[in-house]
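# Geometric and topological summary
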Amino acid sequence: MKTIFALVDCNNFYVSCERVFDPSLAGRPVVVLSNNDGNVVARSNEAKALGVPFAAPAHECAPLVKRHNMAVFSSNYALYGDMSQRVMSIVAGFAPEMEIYSIDEAFLSLGDLAGVDPLDYAARIRETVRRWTGIPVSVGIAPTKTLAKLANRLAKRDPACGGVLALDGRSDLDSILDGVATGDVWGVGPRYSAMLARHGIRTARELRDASDAFVRKRMTVTGLRTVHELRGRSCIELEGAAPPKKGIVSSRSFGRPVVELAELSEAVASYTARAAEKLRCQRSAASLMCVFVSTNPFRDDPQYYNIITRRLPAPTADTAELIRHARADLERIYRPGFRYKKTGVFLSEIVPADSLQLDLFAAAEPSEERARLMATVDIINARLGRGAVYYAAEGVRKAWRMRQERLSRRFTTRWDELPVAVAG
């Protein structure tokens, strides 16, 4: 049976989330900044048209921002994460199988869509998501994931498409592929694109028509799968669930230089708690922990970097135990007299939580009470917002946390920040 794929992609997702709760931003240029308000990570179409580059340092964009009255926001991860979950739950209702590809993208397997017009179906997805969440999406439909990705890209860029495009059965597919550079094909990076150009292959159509022997030799079997997908043969399966991570990093740059061990210790405890939460979310435990500290290499200050690795007595995802080890290791590598820019933890040698190899000489086995406590903390934080319950070791004021001077409210995850409607 022939399978049809769809890629649903939110348009300018971070910007769109901000606009949902502030209609006055419609039509106004908007940008969203990265951690510590450093660089531009999202732009509205209006901001793109004014020449704001992606990843541009915020201070370099200041003249444009002032001249065109741009709205500027710090990244509101709590809001974006919750809005993503809402969009994905709606999209999941349109297909028997879904792969969440990123925070703002999802692949759908639509079966054969017998008797259903693909464009009508795509338009229905788009309209439902917009009506129920306020987030605009583009939908690309095709017989392979690679072509669906391409269809989505074209639907987003061409206003005539109305946000939807189906490539299945198109008689003008050759001319469409002629207009796509190899570097714009999913799975073909800059290095392969440059190599292909040296061999006279510059468009998606020319890549599709290249010989299997050439592609296998120059781009390996992975590249050959991409070429077969461009020919309409599905070679990349849908991944229903993301595989467990083999390593988890939790780290942020500070909003200001940190010099005191007490503040560093709070930060390490906070990052460790987040890493432990991620472990439990994928039902895993870590066997190895690394803690690191770093000064700012871009400042004319005395420089220091260090990392320490610890093998845990037994694999664990218990926040309290991980925090205890992380703080002890931090004390070993901390050196006074430095202005620290960053610290963090890295958990590795991750194993399934339901098949732990315990330490024969351990003083005690992990208790069911501790596991229930961790599960309760996760449930409360999921319902009331991250940080509703936290360990005292993480600090209260957290003056070290990253700079977010233009942060909007967490409209959907905090009771005290809910939007207020005024009638009359």
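None of these values were measured; they are calculated from a predicted model.

## Considering the overall build of the protein chain
Each helix and strand counted, the protein chain has 13 helices and 12 strands in total. Scaling as 2.2 N^0.38, a compact globule of 424 residues should have a C-alpha radius of gyration of about 22 Å, and the protein chain matches this with 24 Å. With the C-alpha coordinates aligned to their principal axes, the bounding extent of the protein chain is approximately 70 × 60 × 50 Å. Counting across all 424 residues of the protein chain, residues that qualify as buried make up 46%. The long-range fraction of contacts in the protein chain, counting pairs at least 24 apart against all pairs at least 6 apart in sequence, stands at 68%. Distance between charge centres in the protein chain, computed from 59 positive and 48 negative side chains, equals 4 Å.

## Focus on helix 12 (residues 319-333)
Each full turn of the α-helix corresponds to 3.6 residues, which orients residues three or four apart in the same direction. End to end, helix 12 covers 21 Å across 15 residues, agreeing with the expected 21 Å (1.5 Å per residue, within 8%). Regarding helix 12, the residues found buried are Thr319, Leu322, Ile323, His325, Ala326, Asp329, Leu330 and Ile333. Each buried residue of helix 12 sits inside an arc of 170° when the element is viewed along its axis, so together they form one side. Exposed residues pointing more than 90 degrees away from the buried face of helix 12 are listed as Arg324, Glu331 and Arg332. Near the N-terminus of helix 12, the side chain that reaches the backbone nitrogen of Ala320, with its oxygen 2.9 Å away, is that of Asp318.

## Let's talk about the packing of helix 6 (residues 145-157) against helix 10 (residues 212-230)
Between helix 6 and helix 10, whose axes approach to 7 Å, the crossing angle comes to 65°. The angle between helix 6 and helix 10 falls in the class roughly perpendicular. Between helix 6, through Lys145, Thr146 and Leu147, and helix 10, the contact on the second element is made entirely by Thr226, Glu229 and Leu230. Across the contact of helix 6 with helix 10, the residue classes tally to two nonpolar, two polar and two charged.

## Looking at the pattern of salt bridges
The full count for this structure, using the stated rule, is 27 salt bridges. Taking the shortest distance from any N to any O, the salt bridge between Lys145 and Glu99 comes out at 2.6 Å. Placement of Lys145 in helix 6 and of Glu99 in strand 5 (residues 97-102) is noted, with a sequence separation of 46 residues between them. Judged by its relative accessible area of 7%, Glu99 falls in the buried class. Two residues, Arg208 and Asp209, come together in a salt bridge whose shortest N-O distance is 2.8 Å. Residue class for Arg208 comes out buried when judged on its relative accessible area of 12%. It is possible to trace a salt-bridge network through shared partners that takes in Asp174, Asp178, Arg205, Arg208 and Asp209.

## What to know about the packing of aromatic side chains
Think of a pair of aromatic rings as described by two things: how far the centres are apart, and how the planes are tilted against each other in angle. Per the stated rule, a full pass over the model turns up 13 aromatic pairs. Centroid distance Tyr101 to Phe107: 5.6 Å. Interplanar angle 75°. Geometry classified as edge-to-face. Relative accessible area serves as the criterion here: at 35%, Tyr101 is assigned to the partly exposed category. Among the aromatic residues, ring-to-ring pairing joins Tyr304, Tyr334, Phe338 and Tyr340 into one connected group. Across the ring face of Tyr192, the terminal group of Arg191 is positioned such that the distance to the ring centre comes to 4.9 Å. We note Lys398 situated over the ring of Tyr390; from NZ or CZ to the ring centre the distance is 5.1 Å.

## A closer look at the confidence of the model for the protein chain
Averaged over every residue, the pLDDT of the protein chain is 91; the share at 70 or more is 96%. Mean pLDDT across the secondary structure elements of the protein chain bottoms out at helix 13 (residues 368-384), with 88, and peaks at helix 1 (residues 13-20), with 97.

## Remarks on the sheet that holds strand 10 (residues 284-295)
Read across the open sheet, the four strands follow the order 9-12-10-11; overall the sheet is antiparallel. The two strands at the open ends of the sheet, each matched to only one other strand, are strand 9 (248-258) and strand 11 (305-316). Pairwise comparison of adjacent strand axes, ignoring direction, gives a mean angle of 15° for this sheet. Of the strand pairs in this sheet, strand 9 and strand 12 (residues 340-352) are connected by seven bridges, and their pairing is antiparallel. Residue pairing for strand 12: Ser251 is matched across the bridge by Gly344. Sitting on the sheet, helix 11 (residues 261-281) is in contact with strand 9, strand 10, strand 11 and strand 12, with an inclination near 155° to strand 9. Sheet strands in contact with helix 12 are strand 10, strand 11 and strand 12, and its direction is about 150° off that of strand 11.

Criteria and thresholds
Every chain is numbered independently, its residues counted from 1 as its sequence is written. In keeping with the predicted nature of the model, local features appear solely for residues at pLDDT of at least 70, side-chain atom pairs appear and are counted solely at 80 or more, and the whole-chain, interface and lining totals rest on all residues. Side-chain metrics rest on all non-hydrogen atoms present in the structure, leaving aside hydrogens and water. Segments assigned H or I by DSSP are reported as helices when at least four residues long, segments assigned E as strands when at least two residues long, and all are numbered from the N terminus. Here the radius of gyration uses the C-alpha set of atoms, whereas the globule reference equals 2.2 Å times the residue count to the power 0.38. Each residue gets one of three labels from its accessible area relative to the maximum for its type: buried under 20%, exposed over 50%, partly exposed in between, using a 1.4 Å probe on protein chains only. Here, two residues are considered to be in contact whenever any of their heavy atoms come within 4.5 Å of each other. In this count, Lys and Arg are taken as positive residues and Asp and Glu as negative ones, while His and the chain termini are left out. Charged side chains are reduced to one point each, which is NZ for Lys, CZ for Arg, CG for Asp and CD for Glu. One fewer than the residue count of a helix, multiplied by 1.5 Å, yields its expected span. What the arc measures is the spread of directions leading from the helix axis to the C-beta atoms. Contacts described as polar in this section are N or O atom pairs within 3.5 Å, which, within protein, must combine one atom able to donate a hydrogen with one able to accept it, while residues neighboring in sequence count only if both atoms come from side chains. To obtain each axis, a line is fitted to C-alpha atoms, and for helices this fit is confined to the stretch in contact; angles are then taken between N-to-C directions over 0 to 180 degrees. Oblique is the label for any angle not covered by the other classes, which are roughly parallel (under 35 degrees), roughly antiparallel (over 145) and roughly perpendicular (65 to 115). Three classes are used: nonpolar for Ala, Val, Leu, Ile, Met, Phe, Trp, Tyr, Cys and Pro, charged for Asp, Glu, Lys and Arg, and polar for all others, with Gly counted as polar. Salt bridges are defined as contacts in which a side-chain nitrogen from Lys or Arg sits within 4 Å of a carboxyl oxygen from Asp or Glu. Stacked, tilted and edge-to-face are the three classes applied to pairs of Phe, Tyr and Trp rings, where Trp contributes its six-membered ring and a pair requires centres within 6.5 Å; stacked means planes under 30 degrees apart, edge-to-face means over 60, and tilted covers the rest. Charge-over-ring placement is defined geometrically: NZ (Lys) or CZ (Arg) within 6 Å of the ring centre, and within 35 degrees of the ring normal. Confidence of the predictor at the level of single residues is captured by pLDDT, which takes values from 0 to 100. At least two bridges found by DSSP between two strands are what make those strands a pair.

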